[in-house]
Amino acid sequence: MDEKQQIIAEYKQKFIEIQNSLKSKINTRDSISLSSVKTVAGVDLAYWKEKETEYAVCCIVLLDYQSHQVVEQSEYTARVEVPYIPGCLAFRELPLFLQADKKLSCRPDLYFFDGNGYLHPRHMGLACHAGIMLDKPAIGVAKSYYKIEDTDFVMPEDKEYAYTDIQIRGEVYGRALRTHKGVKPVFVSVGNQIDLDTATTAVCQMTTWESHIPMPTRLADLMTHEARQRLSKTVAIV
């Protein structure tokens, strides 16, 4: 094992220990009613390299839950100091997210993360980790399936709001949800302080005819693409 591999192995061991210590803090029950939700935040990140240095930008788009109108936006950019380790992505993304979140003047009632939450080998995707750190309700909505223990998902029927649960060893980890007829499913999982049925309802309510992805993460995704293009042309970030 070379020095780089040794460093990554040490990071991975430390990160998994932290994830296992946090699992008991996940709340998979509703702490809010969707009827009382006023604002929701969509969160996404994008990466790029300048020579040997890796950077990332985290973008947050705050929306009115009823009208879907944009209320506020924030972004935070920094060097990425943590190597990519499968199953430990939150440790790369959480520091940037927390800084971007601090820039919001309005506190969201509910967070939508472009990624996983409970649908993770140790139930510690970014939506869970961040939801625990903030003590706020959070949902993971991934565009692609993160296979755990070689378990495939069952494709939902080709109709609006059809879904299938993703079960591993008899436990439901998440849900494959088809938000419109004729589109690919998204993968919904609990983040924190919300149950899977309520998370699914929220995703459906925040998805419009424009996309199969809910508006919060769709707009955050578009914002990160614009930010990455703009920032990658500027001088290196301190």
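**Q** I keep staring at the nonpolar core and nothing clicks. Help me out?
**A** The nonpolar side chains of a soluble globular protein tend to be buried with one another. Grouped together as the largest cluster of nonpolar side chains are 38 residues, with contacts concentrated most on Val40, Leu110, Phe112, Ile139 and Val188. At the level of elements, strand 1 (39–50), strand 2 (53–64), strand 4 (110–113), helix 3 (126–134), strand 5 (138–142), strand 8 (186–192), helix 4 (196–205) and helix 5 (215–231) are the ones that each hand at least two residues to this core. Among the elements that line this core, the one with the most residues is helix 5, at six residues. Beyond its immediate sequence surroundings of up to four residues, leucine 110 is in contact with Leu34, Thr39, Val40, Ala41, Pro137, Ala138, Ile139, Ile194 and Ala202. Ala41, Leu62, Ala90 and Leu126 belong to the second largest nonpolar core, which has 21 residues in total.

**Q** Help me understand the pairing of strand 5 in this model?
**A** The side chains of a regular strand alternate, residue by residue, between the two faces of the sheet. Extensive coverage of strand 5 is indicated by the burial of five of its five residues. Burial along strand 5 is two-sided: Ala138, Gly140 and Ala142 and Ile139 and Val141, pointing in opposite directions, are all buried. Bridge analysis of strand 4 against strand 5 gives three bridges, and the strand direction is parallel. Paired with phenylalanine 113 across the strands is glycine 140, a residue of strand 5. Taken together, strand 4, helix 3 and strand 5 constitute a β-α-β crossover, and its handedness is right-handed. The pairing of strand 5 with strand 8 spans five bridges and is classified as antiparallel. For valine 141, the partnering residue across the bridge sits in strand 8 and is valine 188.

**Q** When you look at the pairing of strand 1 in this model, what are you seeing that I'm missing?
**A** Across the 12 residues of strand 1, nine count as buried, placing the element largely inside the fold. Here 12 bridges tie strand 1 to strand 2, and the two strands are oriented antiparallel to one another. Considered in strand 2, the bridge of alanine 41 is made with leucine 62.

**Q** Explain the layout of surface pockets here, please?
**A** Gaps left between atoms are located by rolling a probe of water-molecule size over the structure's atoms. Within this model, the largest pocket holds a volume of roughly 640 Å³. Taken together, 30 residues form the lining of the largest pocket, with Leu89, Glu93, Asp114, Gly115 and Asn116 sitting closest to its centre. Elements with a minimum of two residues in the lining of the largest pocket: strand 1, helix 2 (90–102) and helix 5. It is strand 1 that provides the largest number of residues to the lining of the largest pocket, a total of five residues. There is about 250 Å³ of room inside the second largest pocket. Residue lining of the second largest pocket: Lys4, Ile7, Ile8, Tyr11, Lys49, Glu54, Val80, Glu81, Val82, Pro83, Tyr84 and Arg92, and that is the complete set. Among the residues forming the lining of the second largest pocket, the class breakdown is seven nonpolar, no polar and five charged.

**Q** Where do I start with the state of the cysteines in this structure?
**A** By definition, a disulfide links the sulfur atoms of two cysteine residues through a covalent bond. Inspection of every chain in the model, using the stated rule, returns zero disulfides. Free of any disulfide, cysteine 59 has its nearest cysteine sulfur in cysteine 58, 6.7 Å distant. In this structure cysteine 59 comes out as buried when scored by relative accessible area, which is 0%. Between cysteine 128, a cysteine without a disulfide, and cysteine 88, which holds the nearest cysteine sulfur, the sulfur-to-sulfur distance is 14 Å.

**Q** How should the packing of aromatic side chains be read in this particular structure?
**A** For any pair of aromatic rings, the description rests on two quantities: the centre-to-centre distance and the angle between the ring planes. All told, the structure shown has 10 aromatic pairs when counted by the stated rule. Between the aromatic rings of phenylalanine 97 and tyrosine 111, the centroid separation amounts to 5.8 Å while the plane-to-plane angle is 85°, which identifies the pairing as edge-to-face. Separated by 14 residues along the polypeptide, phenylalanine 97 in helix 2 and tyrosine 111 in strand 4 bring together distant segments of the chain. Measuring from ring centre to ring centre gives 6.1 Å for tyrosine 118 and tyrosine 173, while their planes differ by 65°; the resulting arrangement is edge-to-face. Separated by 55 residues along the polypeptide, tyrosine 118 in the loop between strand 4 and helix 3 and tyrosine 173 in strand 7 (residues 171–178) bring together distant segments of the chain. Exposure class is identical for tyrosine 118 and tyrosine 173. Each is buried. Among the aromatic residues, those joined into a ring-pair cluster are Tyr11, Phe15 and Phe91. Over the aromatic face of tyrosine 163 sits the side chain of arginine 175, whose NZ or CZ is 3.9 Å from the ring centroid.

Conventions adopted
Residues numbered from 1 in each chain as written. Predicted model: local features only at pLDDT ≥ 70, side-chain atom pairs only at ≥ 80, totals over all residues. Heavy atoms only, no water. Core = buried A, V, L, I, M, F, W, Y, C linked by side-chain atoms within 4.5 Å. Buried < 20%, exposed > 50% of the residue type's maximum accessible area, 1.4 Å probe, protein only. Helix = DSSP H or I, 4+ residues; strand = E, 2+ residues; numbered from the N terminus. Contact = heavy atoms within 4.5 Å. Pairing = 2+ DSSP bridges. Right-handed = clockwise from strand over helix to strand, strands pointing away. 1 Å grid on protein atoms, 1.4 Å probe; cavity = no way out; pocket = protein on both sides within 12 Å on 5 of 7 lines; lining within 4 Å. Points joined across faces, edges and corners; volume = space filled by probe spheres on them. Nonpolar A, V, L, I, M, F, W, Y, C, P; charged D, E, K, R; others polar. Disulfide = S-S within 2.5 Å. Phe/Tyr/Trp six-rings, centres within 6.5 Å; stacked < 30°, edge-to-face > 60°. Lys NZ or Arg CZ within 6 Å of the ring centre and 35° of its normal.

Everything listed here is a matter of coordinates, which is why it stays silent on function.
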